[in-house]
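# Residue-level structural notes
Listed here are the chains, written in short residue letters.
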Amino acid sequence: QVRLGITRTYKAPDTGRLVPRRFLSTNNSATSPDNMGNPNLKPELAWGLDAGFEHYLTDGGILSVNFFLRRIEDFTRTSIVNDGRWVAMPTNDGLATTRGVEFDAKFPLRSLMEDAPAIDFRANLAFNSSTVNSVPGPNNRLDSQTPVSANFGVDYKLDDVPLTLGGNLSFQNAGPVRISVNQSSYGIPKRVLDVYALWKFDNKSNVRVALG
């Protein structure tokens, strides 16, 4: 099946970002400023386009690809000003555009091999990018956005005993982000491996042991 949608979204600022209380920095500078909220902060409004294609397999499997595009008005970013001391505060500053594509797959091995063990696979791969118009490049993207993420998981349900074994490997890329003209940050990529064992006594009782 094919999906297509146009959205209009409203994102109100967090209450903590509206409170004009000032938190002083010990060594005040452009790289170590005071912090305070902005009571005049406006909500972010965005137009969006979403498109997706889903293909359903036998035995409950699914393959899908999804695409999104957003144009954010009154984008909120952290600005640094000097009123006698350096101060960092959230401000509405221009436009931001974000886009991405995501691939998903979930299927049992038996949908490919009739006599295969009861193994289920799941995988996800996503690419995201963005541009903040009020910040010069390069790397003028949303500071909270993950450029690349991937997940791969396996579940194996034993036929002879009520035991399920599984695991999941995830990866999130990061890298440099330019927050303002004078401020940049660097995110460290994350890698996480989780494994588990699930023993099912009956429909109401089970024990799960996980290690991550």
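Residues numbered from 1 in each chain as written. Predicted model: local features only at pLDDT ≥ 70, side-chain atom pairs only at ≥ 80, totals over all residues. Heavy atoms only, no water.

A word on the overall build of the protein chain. Assigned secondary structure in the protein chain consists of zero helices and 15 strands. Against the compact-globule benchmark of 17 Å for 212 residues, the protein chain has a radius of gyration of 23 Å, which places it well outside the compact range. Taken along the three principal axes of its C-alpha coordinates, the protein chain extends 75 × 40 × 35 Å. Evaluated residue by residue, the protein chain yields a buried proportion of 27% over its 212 residues. Taking as baseline every contact in the protein chain between residues at least 6 positions apart, the subset at least 24 positions apart corresponds to 56%. Taken as a whole, the protein chain presents about 13,500 Å² of accessible surface, with 58% of it coming from carbon and sulfur. Taken as two groups, the 23 positive and 21 negative side-chain charges of the protein chain have centres that lie 9 Å from each other. (Helix = DSSP H or I, 4+ residues; strand = E, 2+ residues; numbered from the N terminus. Rg over C-alpha atoms; globule rule 2.2 N^0.38 Å. Buried < 20%, exposed > 50% of the residue type's maximum accessible area, 1.4 Å probe, protein only. Contact = heavy atoms within 4.5 Å. Areas by Shrake-Rupley, 256 points an atom, 1.4 Å probe, with all protein chains shown as cover. Lys, Arg positive; Asp, Glu negative; His and termini not counted. Charge placed at Lys NZ, Arg CZ, Asp CG, Glu CD.)

With that settled, consider the pattern of salt bridges. One pass over the structure, following the stated rule, counts ten salt bridges. One salt bridge in this structure joins arginine 22 and aspartate 34, with 3.3 Å as the shortest N-O distance. A residue pair is termed long-range when its members are at least 10 positions apart, and arginine 22 in strand S2 (residues 22-23) and aspartate 34 in strand S3 (residues 34-36) qualify at twelve residues. Residue class for aspartate 34 comes out buried when judged on its relative accessible area of 0%. (Salt bridge = Lys/Arg side-chain N within 4 Å of Asp/Glu carboxyl O.)

Quick look at the side chain of asparagine 168 now. For asparagine 168, the location among the structural elements is in strand S11 (residues 163-172). Owing to a relative accessible area of 19%, asparagine 168 belongs among the buried residues under this scheme. With residues near it in sequence (within four places) discarded, asparagine 168 still touches Arg122, Asn151, Phe152, Gly153, Val192, Leu193 and Asp194.

This paragraph deals with the sheet that holds strand S4 (residues 44-56). The antiparallel open sheet is built from nine strands, whose spatial order is S1-S4-S5-S8-S9-S10-S11-S14-S15. Among the strands making up the open sheet, the edge pair consists of strand S1 (2-11) and strand S15 (206-211). Averaged over all neighbouring strand pairs, the angle between strand axes comes to 15°, with direction disregarded. Across 13 bridges, the pairing between strand S8 (residues 96-108) and strand S9 (residues 119-132) is antiparallel. (Pairing = 2+ DSSP bridges. Axes fitted to C-alpha atoms, helices over the stretch in contact; angles between N-to-C directions.)

Looking now at the pairing of strand S7 (residues 86-92). Within S7, five of the seven residues are buried, which leaves it mostly tucked inside the rest of the structure. By the bridge criterion, two bridges tie S3 to S7 in an arrangement that is parallel. Each bridged residue has a counterpart across the sheet, and for asparagine 35 the counterpart in S7 is alanine 88. The antiparallel pairing of strand S6 (residues 76-82) with S7 creates a hairpin that spans three residues between the two strands, and glycine 84 there sits at a positive phi of about 110°.

To continue, consider a nonpolar patch on the surface. Taken together, Leu4, Ile6, Trp47, Leu49, Phe67 and Leu69 make up a surface patch of nonpolar side chains, about 620 Å² in accessible area. Of all the secondary-structure elements, those providing two or more residues to the nonpolar patch are S1, S4 and strand S5 (62-73). Tracing the sequence through the fold places leucine 49 in strand S4. (Patch = residues over 30% accessible without salt bridge, like charges linked within 9 Å, V, L, I, M, F, W, Y side chains within 5 Å.)

Soluble globular proteins tend to pack their nonpolar side chains together in the buried interior. Core analysis: the biggest nonpolar cluster contains seven residues, these being Ala46, Ile72, Phe75, Ala96, Val132, Val135 and Leu142. Excluding residues that lie within four positions of it along the chain, isoleucine 72 makes contacts with Glu44, Leu45, Ala46, Gly94, Leu95, Ala96 and Thr98. (Core = buried A, V, L, I, M, F, W, Y, C linked by side-chain atoms within 4.5 Å.)

Here we have four strands laid out as an open sheet, ordered S2-S3-S7-S6, and mixed in their pairing. With one partner strand each, in any of the chains shown, S2 and S6 form the two edges of the open sheet. Bridge count between S6 and S7: seven bridges; the pairing is antiparallel. Bridging across to S7, arginine 77 finds its partner in threonine 91.

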